Amino acid sequence: MEVRNVVIIVVDALRARNLGCYGYSKNTSPNIDSLAREGVLFEQAYCCSNCTDPSLTAMLSGKYPISSGIVNHGARVTEEEIQEFHGKRIALLSEMLQSRGFSTLAVDWLGRWHGRGYTCYCAPWDGGTRGFLWRTARRLSRVRLRMLQQLSGLVVPGWWGRELGKFPDADARKVCDRAVELISASGGRRFLLLVHFWDTHSRYNPPRRFAEAMKVGCGQGRSQRFDEILGQIGDPKWRDYIRYCVKGAADVDDVIARYDGAIAYVDHEIGRLVDALRQNGLLEKTLIVLTSDHGESLADHGIYFTHHGLYEETIHVPLILSHAGLPGNRRVRGLVQHIDIVPTVLDLLKVEAESALDGESLLPLISGKVEGFRSAVYVEEFHTERKRTIRAGSYKYIHALSPEGAVCRYCRRVHGDMEELYDLRQDPLETTNIIAAKPEVASELRERLSEWAMHLQKKSARGSVEGRIRELKSMGRV
Ligand SMILES: [Zn+2]
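Residues numbered from 1 in each chain as written. Predicted model: local features only at pLDDT ≥ 70, side-chain atom pairs only at ≥ 80, totals over all residues. Heavy atoms only, no water.

**Student:** Which residues make up the coordination of the zinc ion, and what are the values?
**Tutor:** Taken together, His 308 (NE2), Cys 408 (SG), Cys 411 (SG) and His 415 (NE2) make up the protein donors of the zinc ion, found 1.9 to 2.3 Å from the metal. Metal-centred angles of 103 to 115° between the four donor atoms at the zinc ion mark the site as tetrahedral. Between consecutive donor residues of the zinc ion, the sequence gaps follow H-x99-C-x2-C-x3-H. For Cys 408, a relative accessible area of 1% translates into the label buried. Here Cys 411 falls in the buried class, since its relative accessible area comes to 4%. (Donors = N, O, S within 2.8 Å, 3.2 Å for Na, K, Ca; no water. Tetrahedral: all angles 85-135°; square planar, octahedral: opposite > 155°, others 65-115°. Buried < 20%, exposed > 50% of the residue type's maximum accessible area, 1.4 Å probe, protein only.)

Structure follows, in structure tokens:
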């Protein structure tokens, strides 16, 4: 099997359960479903963190957030975290492949450490007037937000306006156009292409026809009232943001229709991306990896239109691998995690990893040699709450690291309890905390979770010292 190129498609905040190939009742994802039919779908794939920055870093480095050092998200990622990450010399997939002669391309705007190792790392709006203003505004960080609002034509007041200002115009069509340009210009050179779609991130605002098509039974006023929802949100800024997200919607079902419409819109563009690979004669030799950085809570567990909390809707992500040489229509049951993507891609490219990874290649699962190799998956939340979870067998245990860590920074209340246990086989929507009824299961999972964290922290500290020694050696100081 020859894998010449790799395309990694990340659909931000896309939860697995709203895709047709993961059993959703609405037809949100015909093109993604077709990729799944032609390839391998992992039924139980999990992200490593419920926020973009640490999650994407784990996905593209093969290291858990505790190992890599990037645990926070957005403006809360400290300089120390970034320095630690650089200091550990953890290579991103882009760096590993760039050093092997690949053209490394990305359509994404996150920048900072995410941009390491790319020949071309471009935002979808690069090139135009708005792109120029965006770049200028980013350089002038003090005034960048005001500039973004005043100069880029985004007339959006307040805190959520600033949030929106972070990804103006990252529209799926533009993202896809840019990706198609890069594919067409690859000129026979092997490439890695990362394509990051944003439309499924709140505020869900796809072209009208996509949202309209998903409005089945909406606007009947059956679902929760918005004033009730807004009353549950403690932070006034966050309340403003949610108010902005639900603007013009009749009820929660209506917002869900917009989210589903956003999936359908991105799916349509993914279809165009796959067509571009086909038309350029590259599809046969290109591995496509489709996933999301985390899921989304739409109205589940009292968490509205965002991705905090460690419940399934937020951490169970789609993962599909497609390539002419892989088995078609294969569904893998075993537990897998984002950290397994880099080892799998390297395995398929027959490239050695440069350093130890936390993940493992998924090829034995794909070939059916083994049913699964992970007895558990582990996910962390540092941005909004401070929580960790372990999923093992049908059980899932979630705990807050401290009483303060249990309080949601946005909603200013505690979602769930300090400790929660669910039996996902009996209760897939995690509605009944059975911790009091199953103390022995909780105790075992509590211990495993704590061992996992301690093991990685120790390993990570070692890695850091070694990294520092290497660094000093390279500077001739040791
Ligand atoms: Zn909350």
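**Student:** Tell me what's going on with the pairing of strand E5 (residues 191–197), and back it up with residues and numbers.
**Tutor:** Counting buried residues along E5, seven of its seven residues qualify, which places the element largely inside the surrounding structure. Judged by which residues are buried, E5 turns out to be covered on both faces: Phe 191, Leu 193, Val 195 and Phe 197 on one side and Leu 192, Leu 194 and His 196 on the other are all buried. Of the strand pairs in this sheet, strand E1 (residues 5–11) and E5 are connected by six bridges, and their pairing is parallel. Counterpart to Val 11 in the pairing with E5 is Phe 197. The pairing of strand E3 (residues 103–107) with E5 spans five bridges and is parallel. In the strand pairing of E5, Thr 104 is matched with Leu 192. (Helix = DSSP H or I, 4+ residues; strand = E, 2+ residues; numbered from the N terminus. Pairing = 2+ DSSP bridges.)

**Student:** Provide a residue-level description of the side chain of Ser 202, including the pertinent values.
**Tutor:** Counting through the fold element by element, Ser 202 comes out in the loop between E5 and helix H10 (208–213). Taking relative accessible area as the criterion, Ser 202 reaches 3% and is therefore assigned buried. Polar side-chain contacts of Ser 202 include one of 2.4 Å to the side chain of Tyr 241. Within the structure, the side chain of Ser 202 is placed 3.4 Å from the backbone oxygen of Phe 305, a separation counted as a polar contact. (Polar contact = N/O pair within 3.5 Å; in protein donor to acceptor, adjacent residues only side chain to side chain.)

**Student:** I'd like to hear about the nonpolar core, residue by residue, with values.
**Tutor:** Ranked by internal contacts, the top residues of the largest apolar core, which has 64 residues, are Ile 9, Leu 193, Phe 197, Ile 242 and Ile 270. With 14 residues, helix H13 (residues 252–279) is the largest single contributor of residues to this core. Excluding residues within four positions of it along the chain, Phe 197 makes contact with Ile 9, Val 10, Val 11, Asp 12, Ala 172, Val 175, Cys 176, Val 266, Glu 269 and Ile 270. Membership of the second largest hydrophobic core comes to 62 residues, among which are Cys 47, Ala 91, Leu 192 and Leu 287. (Core = buried A, V, L, I, M, F, W, Y, C linked by side-chain atoms within 4.5 Å. Contact = heavy atoms within 4.5 Å.)

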